[in-house]
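Architecture at a glance
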Amino acid sequence: MTVNRVGLVVHGGRAEAQAAAGAVRDWCAEHAVECTDIDVWQEGARHSARAEVDAAGDPDLIVTLGGDGTFLRGARLAAENDALVLGVDLGRVGFLTEVPAPAVRAALDAVREERITVESRMLLTMRASCRLEVPAQMEALMRYGRGPMLPPPRVRVDCAAGGDWGVALNVTALNDVVLEKLARDRQVSVAVYLAGRLLACYSADALLVATPTGSTAYSFAAGGPVVSPRAEALVFTPVAPHMVFNRSVVAAPDEPVALRVLERSGQAAVSIDGQLRGVLSPGDWIGVYAAPRRLKAVRLGPMDFYGRLRERMNLTDAPAALADGRAAPLWPMTSPRPADLAHLALPGAPDVTADRPPGGTPPPA
Ligand SMILES: NC(=O)c1ccc[n+]([C@@H]2O[C@H](COP(=O)([O-])OP(=O)(O)OC[C@H]3O[C@@H](n4cnc5c(N)ncnc54)[C@H](O)[C@@H]3O)[C@@H](O)[C@H]2O)c1
Ligand SMILES: Nc1ncnc2c1ncn2[C@@H]1O[C@H](COP(=O)(O)OP(=O)(O)OP(=O)(O)O)[C@@H](O)[C@H]1O
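Under an unreviewed UniProt entry, the chain has the name NAD kinase and belongs to Streptomyces murinus. Of the comments in the UniProt record for the chain, the one headed Subcellular location (unreviewed entry) reads "Cytoplasm". Regarding the chain, the UniProt comment filed under Cofactor (unreviewed entry) reads as follows: "a divalent metal cation".

This is how it looks when you write it as structure tokens:
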């Protein structure tokens, strides 16, 4: 895989991330690969993904050095440029990142020598009744240690706009699109439509639409299902709905989920992958659906999603079950698979000596 230009997205507040960025710059210099820092927020402002990748000279590989938030920022840029993204794990959870920091040079070698696989991840995009905007006074409130805000998403000029169909927005969300109450003490009232049909009207703290990747983020915290990132689906999850029907609904990728703020509701904030991008007033709506574009994530080996889920979410076993026996590996994978199992996606034998699954960082001592 020819990599000519690397874009670096670094967690500015972490010394280990700065050190690992130095290793990436050295590797690039040794291999005559251009390397540019992106998203450094030095001017106290943030730019559209297009402006950032243009300024970085059109990178074909984005390397993120930080945690999941840093990976999400890099994924937004990679999706804009159809570039590969490689996440180096320097965060607290590291659910989305791929390689531990000491392995970053080896990972770049693997990319260069085409010893990687490229995992395709579903992204969300959206339409809205109007262009999204954030009132000026909110920007100051949002700067509580989260850094400057992203600008509102651009309206796409390549799509028809207007009338009942609203405007198409230049959005690619890897995790989720969240509509939440703006006033701390007032829920939002929202009509929820699946595939154009009313499901129900909700009064809730928030309503969110997640990808399979995002199913383990906010949706998970709100009681939503864990969905394999290899699946194709939209997960609708309400957060603290004041009503009897409080379940998630898992929709097909071609079934959009739309949320319309009801006429006497309070205003609602729209966050995309955890970043506030707009405020909706009563009557406004957003429609969320699978983007035609996919994220191209670098994998050094097969993704062991369920091993990662158990490890990084610290899943614990029932005390009674622990007392009743040890869970032996199901299929040890030491002999060839029977023909009727040949088509199944099964990772290799688990590395029982590792503290974290392959590709992960050992937990702090
Ligand atoms: N109550 C909640 O859990 C809650 C509330 C708001 C936002 N979020 C999530 O935070 C995301 C933004 O991440 P951030 O790091 O910038 O915010 P953040 O710093 O507030 O971190 C949220 C947590 O979610 C983890 N995380 C992020 N994406 C994940 C994923 N796909 N699977 C598993 N864990 C994941 C992060 O490691 C972190 O521990 C949003 O997309 C949203 O899903 C979660
Ligand atoms: N490049 C940067 N420049 C300035 N500040 C940054 C930069 N990257 C991160 N930060 C600061 O650190 C905060 C947390 O960043 P982020 O959400 O990306 O963390 P993370 O990568 O998810 O790490 P963790 O997994 O530990 O949460 C940001 O809101 C910002 O205040």
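Here the focus is the site of ligand 1. Of all residues adjacent to ligand 1, which total 17 residues, the nearest are Asp 68, Asn 175, Asp 176, Thr 213 and Thr 216. The contact in question runs from an oxygen atom of ligand 1 to an N or O atom on the side chain of Asp 68, over 2.6 Å. A distance of 2.4 Å separates an oxygen atom of ligand 1 from a polar atom in the side chain of Asp 176. Across the complex, the protein chains shield 72% of the 770 Å² of accessible surface that ligand 1 would expose by itself. Listed by contribution, the elements that provide at least two residues to the shell around ligand 1 are α3 (68-81) and α6 (218-221).

One pass over the full model with this rule turns up 17 salt bridges. Of the charged contacts in the structure, one is a salt bridge between Arg 105 and Glu 30, with a shortest N-O distance of 2.6 Å. Within this pair, whereas Arg 105 is found in helix α4 (residues 104-112), its partner Glu 30 is found in helix α1 (residues 15-30), the two being separated by 75 residues in sequence. Several salt bridges share partner residues, and in doing so they unite Glu 98, Glu 119, Arg 121, Arg 299 and Arg 308 into one network.

Here we come to the pairing of strand β8 (residues 176-181). Strand direction decides the pairing type here: β8 and strand β11 (residues 206-210), joined by five bridges, are antiparallel. Residue pairing in the sheet places Leu 179 in a bridge with Leu 207 of β11. Two strands pair when backbone bridges link them, and β8 and strand β15 (residues 268-272) are joined in this way by five bridges, in the antiparallel orientation. Looking at β15, one finds that Val 177 is bridged to Ile 272.

Bringing the domain arrangement of the chain into the picture now. Each domain of the chain was delimited in the assignment, giving domain 1 (5-115) and domain 2 (123-292). Each of domain 1 and domain 2 has a C-alpha centre, and these two points are 27 Å apart. Facing the 15 residues of domain 1 at the interface are 18 residues of domain 2. Both sides together, the interface formed by domain 1 and domain 2 hides about 1,200 Å², and carbon and sulfur atoms give 63% of it. Of all residues in domain 1, Arg 46, Leu 72 and Arg 76 bury the most surface against domain 2, accounting for 43% of the area lost on that side. If you look at where domain 1 meets domain 2, you find zero salt bridges. Summed over the shared surface of domain 1 and domain 2, the number is two residue pairs in polar contact (both at pLDDT 80 or more).

What follows deals with the packing of α1 against α4. At their nearest, the axes of α1 and α4 sit 9 Å apart, and the two run at 40° to each other. In this structure, the crossing between α1 and α4 has a hand that is right-handed. Where α1 abuts α4, its residues Ala 23, Val 24, Asp 26, Trp 27 and Glu 30 lie against Val 104, Arg 105, Leu 108, Asp 109 and Arg 112. When the residues that make up the contact of α1 with α4 are grouped by side-chain class, the tally is five nonpolar, no polar and five charged.

The strand order across the open sheet formed by six strands is β13-β12-β11-β8-β15-β16, and the pairing between neighbours is antiparallel. In this open sheet, the two strands that pair with only one neighbour each are β13 (249-251) and β16 (275-280). Looking at each pair of strands side by side, their axes are set apart by 20° on average, direction ignored. Sheet topology note: the strand β12 (residues 234-239)/β13 ladder contains three bridges and is antiparallel. Within the sheet, the bridge partner assigned to Leu 234 lies in β13 and is Ala 251.

Residues annotated by UniProt as "active site" (unreviewed entry) correspond here to Asp 68. Summarising the element assignment, Asp 68 is placed in helix α3. Setting aside chain neighbours within four positions, we find Asp 68 in contact with Val 93, Gly 94, Phe 95, Leu 96 and Thr 97.

About the cut-offs
Residues numbered from 1 in each chain as written. Chains lettered and ligands numbered in written order. Predicted model: local features only at pLDDT ≥ 70, side-chain atom pairs only at ≥ 80, totals over all residues. Heavy atoms only, no water. UniProt positions renumbered as here; feature names shortened; annotations may be inferred. Near = heavy atom within 4 Å. Polar contact = N/O pair within 3.5 Å; in protein donor to acceptor, adjacent residues only side chain to side chain. Areas by Shrake-Rupley, 256 points an atom, 1.4 Å probe, with all protein chains shown as cover. Helix = DSSP H or I, 4+ residues; strand = E, 2+ residues; numbered from the N terminus. Salt bridge = Lys/Arg side-chain N within 4 Å of Asp/Glu carboxyl O. Pairing = 2+ DSSP bridges. Domains from an automatic or database assignment. Contact = heavy atoms within 4.5 Å. Buried area = accessible area lost by both parts, 1.4 Å probe. Axes fitted to C-alpha atoms, helices over the stretch in contact; angles between N-to-C directions. Left-handed = near helix turned anticlockwise from the far one by under 90°. Nonpolar A, V, L, I, M, F, W, Y, C, P; charged D, E, K, R; others polar.

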